[in-house]
Amino acid sequence: MANNKTVIVSINADDGWRCVDIFQRLDQSFGFDEFRRDVEDQKGWFPIGHYGSAVFADQDAALAAAVDAVPWLAARLDAPLAATQAE
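Going along each chain's sequence as written, the residues are numbered from 1 onward. For this predicted model, a pLDDT threshold of at least 70 governs which residues receive local features, and a threshold of 80 or more governs which side-chain atom pairs are given and counted, while totals over whole chains, interfaces and linings are taken from all residues. Derived side-chain values reflect all non-hydrogen atoms in the structure, with water molecules and hydrogen atoms excluded from consideration.

Enquirer: Just to check I follow, could you spell out the pairing of strand β2 (residues 18-25) for this structure?
Expert: On any regular strand, side chains alternate: one points to one face of the sheet, the next to the other face. A 1.4 Å probe rolled over the protein chains alone gives each residue an accessible area, and that area as a share of the maximum for its type sets the label: buried under 20%, exposed over 50%, partly exposed in between. Numbering of helices and strands runs from the N terminus; a helix is a DSSP stretch of H or I covering at least four residues, while a strand is a stretch of E covering at least two. Of all 8 residues that make up β2, 6 are buried, and the element is covered over most of its length. Pairing between two strands requires that DSSP report at least two bridges joining them. Linking strand β1 (residues 5-12) back to β2 in an antiparallel pair, the connection comprises 5 residues, with Gly-16 at a positive phi of about 75°. The antiparallel hairpin formed by β2 and strand β3 (residues 30-36) contains 4 residues in its connecting segment, where Gln-28 sits at a positive phi of about 75°.

Enquirer: Looking at this structure, I do not really get the sheet that holds β3. What am I missing?
Expert: Pairing is antiparallel in the open sheet, where 4 strands are placed in the order β1-β2-β3-β4. The open sheet terminates on both sides in strands that have one partner only, identified here as β1 and β4 (46-47). Alignment of β2 against β3, held across 7 bridges, turns out to be antiparallel. Counted as the bridge partner of Val-20 is Glu-34 from β3.

Enquirer: Any chance you could explain the nonpolar core here in plain terms?
Expert: Taken as a class, soluble globular proteins show a tendency for nonpolar side chains to be buried jointly. The criterion is simple. A nonpolar core is a set of buried Ala, Val, Leu, Ile, Met, Phe, Trp, Tyr and Cys residues joined through side-chain atoms within 4.5 Å. If you look at the biggest cluster of nonpolar residues, it comprises 14 residues, and the most contacted ones within it are Val-20, Ile-22, Phe-32 and Leu-73. Only β1, β2, β3 and α1 (59-69) provide two or more residues apiece to this core. Here this core takes 3 residues from α1, the largest share from any one element. Contacts were defined at the residue level, with two residues in contact if any of their heavy atoms lie within 4.5 Å. Contact partners of Leu-73, with chain neighbours within four places excluded, come to Ile-11, Val-20, Leu-63, Ala-66 and Val-67.

Enquirer: I keep staring at the environment of Arg-18 and nothing clicks. Help me out?
Expert: Structurally, Arg-18 is set in strand β2. As for Arg-18 and Ile-48, which are separated by 30 residues in sequence, their C-alpha atoms are 9.1 Å apart. Apart from residues no more than four positions distant in its own chain, Arg-18 is found in contact with Ile-11, Asn-12, Ala-13, Glu-34, Phe-35, Arg-36, Trp-45 and Trp-72.

Functional significance is not addressed by these values, which are geometric in nature.
What follows is the structure, given as structure tokens:
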């Protein structure tokens, strides 16, 4: 993720190959995006949702939009979350 964003929460899918990051920009707005990583490619996470340009006033609004946009996220939030807080 670009240095102009701070990840507030990162939620991993049960399969461990996808995640959603909720982030805050330098202008204090919020956003989210969905990422995946590939077994064959050890370079890290790649954006697949392309939601990162959407702007939200707060973290809750960004999370609500992410739940609407990312099919697996609602079920994951209903399950216990392990290590979802960004480091």
